Amino acid sequence: MLNPQPSYEIPEETQRVARAAFPKGNVYMRLRDELGTLYEDAAFEHLYSSTGQPAIAPWRLAWITVMQFAENLTDRQAADAVRARIDWKYVLALPLEDAGFHYSILSEFRDRLLAHESEPLLLERLLDHAKEKGWLKGGRRQRTDSSHVLANIQHLNRIELVGETLHHALNELARREPAWLQAKAPSEWWQRYGRRIDETRLPKGLAARQELAETIGRDGLHLLALVNQDDAPPALAHLEAIRTLEHIWRDQYELDDPDDPAPRWRGKGALPPTSQRWVSPHDTEARYGYKNTTGWRGYKVHFTEVCEPDVPHLVVHVHTTDATVQDVAVVESIHANLERKGLLPDEHLMDGMYMGADQIANMESQYGVSLIGPVRPDVSWQAQDPETYDITHFDIDWENQQAICPQGKTSRPWKKSKRDYGRPIHVATFRKQDCSPCPVRHLCTRSKSSPRSITLVYQATFEALQAARQWQKTDAFREKYCKRAGIEGTMNQTMNGFSMRRNRYIGLAKTRLQHLATSVAVNFQRLWAWLNGIPTAKTKLEPFAILAP
C-alpha cells in the first residue's frame, strides 16, 4: 500500500552535515538542489495496491535505482550506501539516523516497474524537468548510434547448448519432483548430465561429436516423453525449462520425419534464422547478432542525444532490441517515441546503417525530420563507370509509368513486382527492337540479346534516395554530418564508464530497464558538468598522432 509522502524537505541536520562534508557539493546534491525531488510518489501510485503494508516511498527508490546504476552497485551495496553515505541521505531527504531498508526492496521495485511497463518514467521525469528548466526542447539537432550488449550468459557452442539445456531441465525437475525423477531417469544420465557439459570434456573428432549430439538429442526426447506420460506430475510438462528444451530441440534437430523418430543433428545450413534461434537455456530472449566484424550473443541498444552547442547533450531516448534487429528497422519507433515526448528534432544525424530509402522519405513526410547520414551507394556496374548509363541517366515519367532512356526511347509501361524480401518494386523494360540496334547499347547493358530494364521503388522513396546520394557528395553535407562523431563518445561513456557492455540481468525487459536507468545516470553527469561550466572533452589523441603534420 502506498501512502504518498506530503513533504520532501531535507532535514536540517542532514543538510548541515552534508554541506560540511561537501562544501562544494557533489553531483547528486547539486542535482537535488536544481531538480528538487525529481520523482514524486504520485507518478508511481499505479504500481501499488490500495491494501497491505505501507510501502517505502517510490520516489526514493527511483533515485536509488539511478544512483545505483551510476556507480554500478549491487542491490546490497546500494542499500548500504543509503545507510552510510551523507550525500545519498541528502538526496533522499533522510535523517542521519535512518537505518535504511533490506536490499531486496530494490529488486521488488524494479519488478513493479516492469510489471506495469513503467520503466520509461525513470528517464521521462528527468526530461520533463529539463524542459521546464529550458535545457531541452523539441526541434533541436539530435544524433543516434547503437552498440552491442552481451547477455549475462555463458558462450556455448551447439553441443554445449543442447547439453546445458538438458542439464538445466534435469536440475529443475530435481528441485520440483526429486523422487519421481530418481525413479524414472536412466542410470547413465547421472554420469552424462551430473555436471555441466563444457568444451574441455567433449570428444575431439567430428564423428564422435556428432554421435554425442545425437545421443543428447535422444535423451532429450526421452525426457519429454517422460514428463508427458499420464503418471507424471501434471505441472512438469509446463515448466519453463521443459518448454525451453522443446524449442532448442526444434532449433538443433530435425524432428519431423515420421519414418525416423530419432533426432538428427542439423547441418549449419539447415538451422533456423538467428532471429528465431535460442542461444542459451538461461536467457531465451538473447540472440546471436553480427555487425561488421563483431559477433555477439545478447542485445543491441540505441542512444539518441541532443547535440546543439548551447545546451547540455542530454540522452533523450533509449531503444533496446535483441541482437538481430537491424538499425534501419528501429528508425520509425525512435521517432514515434520522440514525437510522444515532444522532442522531435529538425535534423537527425545517423550512420549509414539507419539510412534506408523508405526511412529517409517517411521521416520527412510523417514527422518533418531530415535524416542526415550516408546512404548506400548504387552497386550496379553502370554506376561504377561514369561513361555508362546508370539509373540517373533515365527520365522517369511517374504519371504514365514509363522510363525514357538517354537516347529518347520509351519503355513499356512498368510492371509491379516484389524483391525476395517482399518489398514492392516497379520494373520498367525497354523494347527489344529499340535496344538491339542501339549504337550505345554496350554503355547500357551487358546482355547480348535482352533489352535494358530498370528497377524502381515508389516515387517518394526513389527521389529521396537519389537526392540523398547527390547531397552527400557536397561540402554542406560533410559539414553537417561531422557533428555526429560525438555520439561515439556517448557510447564509450555508457559502455566503459557505466559498465553497460554486459547485462546485469536476464531478459529483454530487464535489459531495457538497465539501459534506461543508465541513460539517466549519464544525464546526471552531463547536467553536473553543464551547471559547473565544465566543457565537453575533446577526442584524445595518441602522442604520436599529435605530431602529425
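Cut-offs used in this document
Residues numbered from 1 in each chain as written. Predicted model: local features only at pLDDT ≥ 70, side-chain atom pairs only at ≥ 80, totals over all residues. Heavy atoms only, no water. Helix = DSSP H or I, 4+ residues; strand = E, 2+ residues; numbered from the N terminus. Buried < 20%, exposed > 50% of the residue type's maximum accessible area, 1.4 Å probe, protein only. Contact = heavy atoms within 4.5 Å. Areas by Shrake-Rupley, 256 points an atom, 1.4 Å probe, with all protein chains shown as cover. Lys, Arg positive; Asp, Glu negative; His and termini not counted. Charge placed at Lys NZ, Arg CZ, Asp CG, Glu CD. Axes fitted to C-alpha atoms, helices over the stretch in contact; angles between N-to-C directions. Parallel < 35°, antiparallel > 145°, perpendicular 65-115°, else oblique. Nonpolar A, V, L, I, M, F, W, Y, C, P; charged D, E, K, R; others polar. 1 Å grid on protein atoms, 1.4 Å probe; cavity = no way out; pocket = protein on both sides within 12 Å on 5 of 7 lines; lining within 4 Å. Points joined across faces, edges and corners; volume = space filled by probe spheres on them. pLDDT = per-residue confidence, 0-100. Core = buried A, V, L, I, M, F, W, Y, C linked by side-chain atoms within 4.5 Å. Polar contact = N/O pair within 3.5 Å; in protein donor to acceptor, adjacent residues only side chain to side chain. Phe/Tyr/Trp six-rings, centres within 6.5 Å; stacked < 30°, edge-to-face > 60°. Lys NZ or Arg CZ within 6 Å of the ring centre and 35° of its normal.

Q: Give a description of the overall build of the protein that names residues and reports values.
A: Counting its regular elements, the protein contains 21 helices and 13 strands. Summarising its shape, the C-alpha atoms of the protein cover approximately 95 × 70 × 55 Å along the three principal directions. Counting every position in the protein, which comprises 549 residues, the buried fraction comes to 48%. Taking as baseline every contact in the protein between residues at least 6 positions apart, the subset at least 24 positions apart corresponds to 69%. For the protein, the exposed surface amounts to about 27,700 Å²; the carbon and sulfur share of it is 50%. For the protein, the distance from the average position of its 70 positive side-chain charges to the average position of its 70 negative side-chain charges is 4 Å.

Q: So what's going on with the packing of helix 3 (residues 58–70) against helix 6 (residues 104–115)? Residues and values would help.
A: Direction vectors running N to C along helix 3 and helix 6 enclose 100 degrees, while the axes themselves pass 10 Å from each other. Looking at the two axes, helix 3 sits roughly perpendicular to helix 6. Counting all contacts with helix 3, which are made through Pro58, Leu61, Ala62, Ile64, Thr65 and Gln68, the residues of helix 6 involved are Ile105, Leu106, Phe109 and Arg110. Residue composition of the contact of helix 3 with helix 6, grouped by class: 7 nonpolar, 2 polar and 1 charged.

Q: Please set out empty space enclosed by the protein residue by residue, giving values where relevant.
A: Overall, the coordinates contain 1 cavity of 30 Å³ or more when judged by the stated rule. The space that makes up the largest cavity amounts to roughly 40 Å³.

Q: A description of the confidence of the model for the protein should follow, citing residues and the corresponding values.
A: Summing up the model confidence of the protein, the mean pLDDT is 92 and the portion of residues at 70 or higher is 97%. Confidence scores differ between elements of the protein, with strand 11 (residues 415–418) showing the lowest mean pLDDT of 79 and strand 6 (residues 315–322) the highest of 97.

Q: Any chance you could break down helix 14 (residues 357–367) for me, citing the residues and the numbers?
A: Turn by turn, an α-helix covers 3.6 residues, leaving residues three or four places apart pointing in a common direction. Regarding helix 14, the residues found buried are Ala357, Gln359, Ile360, Ala361, Met363 and Tyr367. Of the surrounding elements, those touching the buried residues of helix 14 are helix 13 (331–340), strand 8 (370–372) and helix 17 (459–471). Where helix 14 ends, the next residue or the one after it, Gly368, has phi of about 70 degrees, a positive value.

Q: So what about the layout of surface pockets? Which residues, and what values?
A: Computed from the structure, the largest pocket encloses a volume of approximately 980 Å³. As for the largest pocket, its lining consists of 29 residues, and the residues nearest its centre are His313, Arg526, Pro535, Thr536 and Ala537. For the lining of the largest pocket, the secondary-structure elements that each account for two or more residues are helix 19 (487–497) and helix 20 (508–531). At 5 residues, the largest contribution of residues to the lining of the largest pocket is made by helix 20. A per-class count over the lining of the largest pocket returns 12 nonpolar, 9 polar and 8 charged.

Q: Can you break down unusual backbone geometry residue by residue, with the values?
A: The phi torsion of most residues other than glycine is negative, and most of the peptide bonds are trans. Residue Gln401 is not a glycine yet carries a positive backbone phi of 55 degrees. Take Gln401: it is sitting in the loop between strand 9 (395–397) and strand 10 (402–404). The backbone phi angle of Ser499 is positive, close to 55 degrees, even though this residue is not glycine. Along the chain, the position of Ser499 falls in the loop between helix 19 and helix 20. By relative accessible area, which is 33% here, Ser499 ends up partly exposed.

Q: Outline the nonpolar core, listing residues and values.
A: Membership of the largest hydrophobic core comes to 97 residues, with the highest contact counts inside it found for Tyr39, Trp63, Ile64, Trp88 and Phe524. With 11 residues, helix 20 is the single largest residue contributor to this core. Apart from residues lying up to four places away in sequence, Ile64 is in contact with Ala78, Val82, Trp88, Leu92, Phe101 and Leu106. Core analysis: the second largest hydrophobic core is formed by 32 residues, Val162, Leu226, Val227 and Ile248 among them.

Q: Can you tell me about the side chain of Thr324, naming the residues and giving the values?
A: Position of Thr324 relative to the elements: it lies in the loop between strand 6 and helix 13. With a relative accessible area of 17%, Thr324 lands in the buried category. Separated by 2.5 Å, the side chains of Thr324 and Asp322 make a polar contact. With sequence-adjacent residues up to four places away left out, Thr324 is seen in contact with Thr274, Ser275, Arg287 and Tyr288.

Q: Pulling in residues and values, what's your account of the packing of aromatic side chains?
A: According to the stated counting rule, one finds 14 aromatic pairs in the structure shown. Note on Phe477 and Tyr481: the rings are 5.4 Å apart at their centroids and 10 degrees apart in plane angle, and the pair reads as stacked. Remark: Tyr481 and Phe477 occur in helix 18 (residues 475–481); sequence separation between them is 4 residues, near one turn of the helix. Three or more aromatic residues link up through ring pairs in this structure, and these residues are Tyr39, Phe44 and Phe109. Directly above the ring of Trp265 sits Arg158, whose terminal nitrogen or CZ lies 4.2 Å from the centroid.

Q: Just give me the short version of the environment of Leu61, but keep the residues and values in it.
A: Along the chain, the position of Leu61 falls in helix 3. Each C-alpha atom of the pair Leu61 and Leu92 lies 8.9 Å from the other, and the pair is 31 residues apart in sequence. In this structure Leu61 touches Tyr48, Ile56, Phe101, Ile105, Leu106 and Phe109, once residues within four positions along its chain are discounted.

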